[in-house]
Amino acid sequence: KAGVTQTPRYLIKTRGQQVTLSCSPISGHRSVSWYQQTPGQGLQFLFEYFSETQRNKGNFPGRFSGRQFSNSRSEMNVSTLELGDSALYLCASSPKKLTGHSTDTQYFGPGTRLTVL
Amino acid sequence: DAKTTQPPSMDCAEGRAANLPCNHSTISGNEYVYWYRQIHSQGPQYIIHGLKNNETNEMASLIITEDRKSSTLILPHATLRDTAVYYCIVRVAGSNYKLTFGKGTLLTVNP
């Protein structure tokens, strides 16, 4: 089974621009979570989507947004980029279900390395 | 989630077993022990998880003490590609949507 894929892998933007990152989960996984990872703050949770609905949200400003499509693919968008947004953005998918017994182990993609100049 | 404690770094010779310890003395009865690793600048990779029984998969073995206050991840035959930061986390499966990694253990496999 193919793993989680993320595109693009690397991105360079300038302050004030916006960016859209894409994530394709493992086939059959309906939960997609996004994380930001920086050397200083470590791994920080952005949001989780399940069945096209945002289920949980971390403590990030409204410039960070996301969505999920009917095929479970997800995108996240960052508007008005700031230097501090430079980070590795990770997507993780999980086979969890909202009801019934399921495992919710999260499987990560390779990440998108965003550099803001 | 319960807090975990791991040594900041460890060395291992290639071909030998790597035993990575994790202390989670405040673990609750319904909390699982998960292990992930992250090779430099790549996404974290899930390794294994367990509740109270020892677990083994194609990557590693997880040994959890009877009181569940500590565990050991075993890579039976470490290779240079196993050099990575290894994270031990404790969480309630099915109810905690976000993962939080501590500082982990940097395992360096030497030739």
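Refer to the structure printed above.
Residues numbered from 1 in each chain as written. Chains lettered and ligands numbered in written order. Predicted model: local features only at pLDDT ≥ 70, side-chain atom pairs only at ≥ 80, totals over all residues. Heavy atoms only, no water.

Visitor: Help me understand the interface of chain A and chain B in this model?
Guide: Where the parts come together, the accessible area they lose is often given as the size of the interface. With 18 residues of chain A at the interface, the matching set in chain B holds 19 residues. Regarding the contact of chain A and chain B, the summed buried area is about 1400 Å², with carbon and sulfur atoms giving 51% of it. Between the two partners, chain A and chain B, sit zero salt bridges. Linking chain A to chain B there are five residue pairs in polar contact (both at pLDDT 80 or more). Residue composition of the side of chain A that touches chain B, by class: eight nonpolar, six polar and four charged. (Contact = heavy atoms within 4.5 Å. Buried area = accessible area lost by both parts, 1.4 Å probe. Salt bridge = Lys/Arg side-chain N within 4 Å of Asp/Glu carboxyl O. Polar contact = N/O pair within 3.5 Å; in protein donor to acceptor, adjacent residues only side chain to side chain. Nonpolar A, V, L, I, M, F, W, Y, C, P; charged D, E, K, R; others polar.)

Visitor: Sorry if this is basic, but what is going on with the layout of surface pockets here?
Guide: Where empty space is left becomes clear once a probe the size of a water molecule has been rolled over the atoms. Empty space within the largest pocket amounts to approximately 510 Å³. Surrounding the largest pocket, 18 residues form its lining, Gln37(A), Thr38(A), Pro39(A), Gln38(B) and Tyr87(B) being those nearest its centre. Elements represented by at least two residues in the lining of the largest pocket include exactly β4 (31-38) and β5 (42-50) of chain A together with β8 (84-92) of chain B. In the lining of the largest pocket, the residues fall into seven nonpolar, nine polar and two charged. (1 Å grid on protein atoms, 1.4 Å probe; cavity = no way out; pocket = protein on both sides within 12 Å on 5 of 7 lines; lining within 4 Å. Points joined across faces, edges and corners; volume = space filled by probe spheres on them. Helix = DSSP H or I, 4+ residues; strand = E, 2+ residues; numbered from the N terminus.)

Visitor: Even after reading the chapter, I still don't get the sheet that holds strand β6 (residues 61-64) of chain B, so can you show me in this structure?
Guide: Pairing between sheet strands relies on hydrogen bonds along the backbone, with the strands arranged either parallel or antiparallel. All names here are of chain B. The four strands are arranged β2-β7-β6-β5 in an open sheet whose pairing can be described as antiparallel. This sheet does not close on itself; its edge strands, each paired only once, are β2 (18-23) and β5 (55-56). Pairing between β2 and strand β7 (residues 70-75): six bridges, direction antiparallel. Counted as the bridge partner of Asn 23 is Ser 70 from β7. (Pairing = 2+ DSSP bridges.)

Visitor: Is there a simple way to think about empty space enclosed by the protein in this case?
Guide: Under the defined criterion, the tally for this structure stands at one cavity of 30 Å³ or more. Taken as a whole, the largest cavity spans an internal volume of roughly 40 Å³. Lining the largest cavity we find 10 residues, and of these Ser31(A), Glu48(A), Lys96(A), Gln106(A) and Tyr97(B) sit closest to its centre. Of the residues assigned to the lining of the largest cavity, the class counts are one nonpolar, five polar and four charged.

Visitor: Help me understand the side chain of Gln6(B) in this model?
Guide: All names here are of chain B. Its place among the elements puts Gln 6 in the segment before β1 (9-13). A polar side-chain atom of Gln 6 sits 3.0 Å from the main-chain carbonyl oxygen of Tyr 86. Of note is the side chain of Gln 6, whose polar atom sits 2.9 Å from the backbone nitrogen of Cys 88. Leaving out residues up to four positions away in the same chain, Gln 6 has contacts with Pro 21, Cys 22, Trp 35, Tyr 86, Tyr 87, Cys 88, Gly 104 and Thr 105.

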